[in-house]
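Each chain, written out:
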Amino acid sequence: MGNIAMNLEEEIQQTRKAKKFNLWLGIIGMFMMFAALSSGFIVYTASGVDKGIKTILPQAFIYSTLTIVLSSITLHLAYSAAKLGNIGRQKLLLLVTVVLGIIFFVVQVQAWKVLTEQGVYFINNNASQSFIYVFTGLHLLHIVVGILVLLRALTGVLKGIPQGDNVFRMDLATVFWHFLDLLWIYIYVFLLLNQ
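Residue indices follow the written sequence of each chain, beginning from 1 at its first position. Reporting of local features is limited, given that this is a predicted model, to residues whose pLDDT is at least 70; pairs of side-chain atoms are given and counted only at 80 or more, and all residues count toward the totals for whole chains, interfaces and linings. Only hydrogens and water are set aside when side-chain values are computed; all heavy atoms of the structure are taken into account.

This is how the line gets drawn: UniProt positions are given in the numbering used here, feature names are shortened, and annotations may be inferred rather than shown by experiment.
You'll find the protein entered in an unreviewed UniProt entry as Cytochrome c oxidase subunit 3, with Sphingobacterium yanglingense given as the organism. Under Sequence similarities (unreviewed entry), UniProt gives the following word-for-word description of the protein: "Belongs to the cytochrome c oxidase subunit 3 family."

1. Describing the nonpolar core
We apply this condition: Note on terminology: a nonpolar core comprises buried Ala, Val, Leu, Ile, Met, Phe, Trp, Tyr and Cys residues joined through side-chain atoms within 4.5 Å. Burial status follows relative accessibility: with a 1.4 Å probe on protein chains alone, a residue under 20% of its type maximum counts as buried, one over 50% as exposed, and anything between as partly exposed. For the purposes of this entry, the term helix denotes a DSSP run of H or I that reaches at least four residues, the term strand denotes a run of E that reaches at least two, and both are numbered from the N terminus. Residues are treated as being in contact if the distance between any of their heavy atoms lies within 4.5 Å.
By size, the foremost hydrophobic cluster in this structure holds 50 residues, and its most contacted members are Leu94, Phe135, Ile143, Met170, Trp177 and Leu191. At the level of elements, helix H1 (2–45), helix H2 (60–84), helix H3 (87–117), helix H4 (127–159) and helix H5 (163–193) are the ones that each hand at least two residues to this core. A total of 16 residues in this core trace back to one element, the largest contributor, which is H5. Those residues in contact with Phe135 that lie beyond four places of it in its chain are Phe34, Leu37, Ser38, Phe41, Ile187, Phe190 and Leu191.

2. A word on the environment of Phe176
Summarising the element assignment, Phe176 is placed in helix H5. Phe176 sits in the buried class, given a relative accessible area of 6%. Remark: the alpha-carbon pair of Phe176 and Ile27, spanning 149 residues in sequence, is separated by 7.6 Å. Not counting chain neighbours up to four residues away, the residues in contact with Phe176 comprise Leu23, Met30, His142, Val145, Gly146 and Val149.

Okay, structure coming up:
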């Protein structure tokens, strides 16, 4: 009986290692995609003085930056609560993180509205301006995935999954969400330096 339990635990650990490895592979792939886009932007803007963003980035990007940084803090606190077994605190902080993720999404869409009011459209003669939509749009797509990951973690804790599974889900969600946070800061600073 002891061998069966030990084998089952070993299998669970191997599955978790595989899932975490896949997450890191995905993060590396996303990083490479945004690095390639950054390189494309730099090459395009270097091809002439008429190339470049040539617009002021919306104030909404500052608010979305503050929102996503705050959401990373609340998620970190939720993860800490999960490790301590404080389920009530974990639920609350996870819910706050999901709401902040949705607010980030809404503020980003509002930023696109401001851009169109400034005459900056996705399809135009200056591809540098199109890059704003490409960077922020791809990031928003990842934010949607991140919110789904957070909701899965929240659903798990609401259903009362075992502590080990709960902490593991929170670990994956936290790594992914922190990556999205850092990725947004990179995108925003990159666009600021090139406006």
